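Topology and contacts: notes
The residues making up each chain are set out below.
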Amino acid sequence: MTAASNKPSLIALVGMPGGGKSTVGRQLSRRLELPFADSDTLIEARIGTSVRDFFDKHGEAAFRDVEESIIDELTQRGSGVIATGGGAVLRESNRTRLKERCVVVYLRSSPEELYRRLRHDTQRPLLQVDDPLGRLRDLHQQRHPLYEATAHYVMETGRPSVPALVNMILMQLELAGGAVPPKP
Ligand code: S3P
């Protein structure tokens, strides 16, 4: 599939924090010559502060409300690549919108791999705890079924480099007949 195919394409990446959604999404959008959007970046523009600060001041539920409205807006775009926040699948409305309006790719990573990448992170509010690996394991256990239920395709992030992962996603989309949102 190339940009020359001219098919309307909206691709959303879901998965745990630290799984590479933003990095992979940006490269995928370049290869497809489609616009890229990162839901957390748009949320921060909307709330006028960092996600972490907003969590501290207003709590997770308020953050999820903003996230839900951004996911609704983003999934109504005609084409593009969207990197979602790791918790976007928690609300059923988001899962439904993503699944019905986009081709959804789950970047699947193990909690141990995520911990290796995120152990020095200070920006993700849910990981600012004494035992971040334990938290990642709990989050993974809770969310893995939700990511699987939302996604049309699952890609393991473990071994491949980012460009290799992007190639694998492109091949998968091409095999499936292009990045056209599937009929419900
Ligand atoms: C969250 C993941 C973050 C961000 C917020 C909540 C989560 O996005 O939306 O900190 O619940 O896992 P990334 O997945 O891009 O880190």
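We now turn to the structure provided with this report. (Residues numbered from 1 in each chain as written. Predicted model: local features only at pLDDT ≥ 70, side-chain atom pairs only at ≥ 80, totals over all residues. Heavy atoms only, no water.)

On to the side chain of Arg64, then. Topologically, Arg64 is positioned in helix α4 (residues 60-74). Judged by relative accessible area, which is 7%, Arg64 ranks as buried. Beyond its immediate stretch of four places on either side in the chain, Arg64 contacts Phe55, Gly87, Ala88, Leu90, Arg91, Leu126 and Arg143. (Helix = DSSP H or I, 4+ residues; strand = E, 2+ residues; numbered from the N terminus. Buried < 20%, exposed > 50% of the residue type's maximum accessible area, 1.4 Å probe, protein only. Contact = heavy atoms within 4.5 Å.)

With the rule as written, the count across this model stands at two aromatic pairs. Arranged with centres 5.0 Å apart and planes meeting at 50°, the rings of Phe55 and Phe63 form a pair that is tilted. On the basis of relative accessibility, which here comes to 12%, the residue Phe55 falls in the buried class. Accessibility expressed as a relative area gives 3% for Phe63, which makes it buried. (Phe/Tyr/Trp six-rings, centres within 6.5 Å; stacked < 30°, edge-to-face > 60°.)

This next bit is on the pattern of salt bridges. Between side chains of opposite charge, a pair can form when the charged atoms approach closely. For the coordinates displayed, the defined rule picks out 13 salt bridges. Between Asp72 and Arg101 there is a salt bridge, and its shortest N-O distance comes to 2.7 Å. Separated by 29 residues along the polypeptide, Asp72 in helix α4 and Arg101 in helix α5 (residues 92-101) bring together distant segments of the chain. A relative accessible area of 28% places Arg101 in the partly exposed class. What you see here is one network of salt bridges that share partners, running through Asp65, Glu68, Asp72, Arg91, Arg97 and Arg101. (Salt bridge = Lys/Arg side-chain N within 4 Å of Asp/Glu carboxyl O.)

Okay, the packing of helix α6 (residues 111-118) against helix α7 (residues 132-150) next. Their axes nearest at 9 Å, the elements α6 and α7 cross at an angle of 135°. The angle between α6 and α7 places the two elements in the oblique class. Along this stretch, α6 crosses α7, giving a crossing that reads as right-handed. Between α6, through Pro111, Glu112, Leu114, Tyr115 and Leu118, and α7, the contact on the second element is made entirely by Pro132, Leu133, Leu136, Arg137 and His140. Looking at the contact of α6 with α7 residue by residue, the class counts come to seven nonpolar, one polar and two charged. (Axes fitted to C-alpha atoms, helices over the stretch in contact; angles between N-to-C directions. Parallel < 35°, antiparallel > 145°, perpendicular 65-115°, else oblique. Left-handed = near helix turned anticlockwise from the far one by under 90°. Nonpolar A, V, L, I, M, F, W, Y, C, P; charged D, E, K, R; others polar.)

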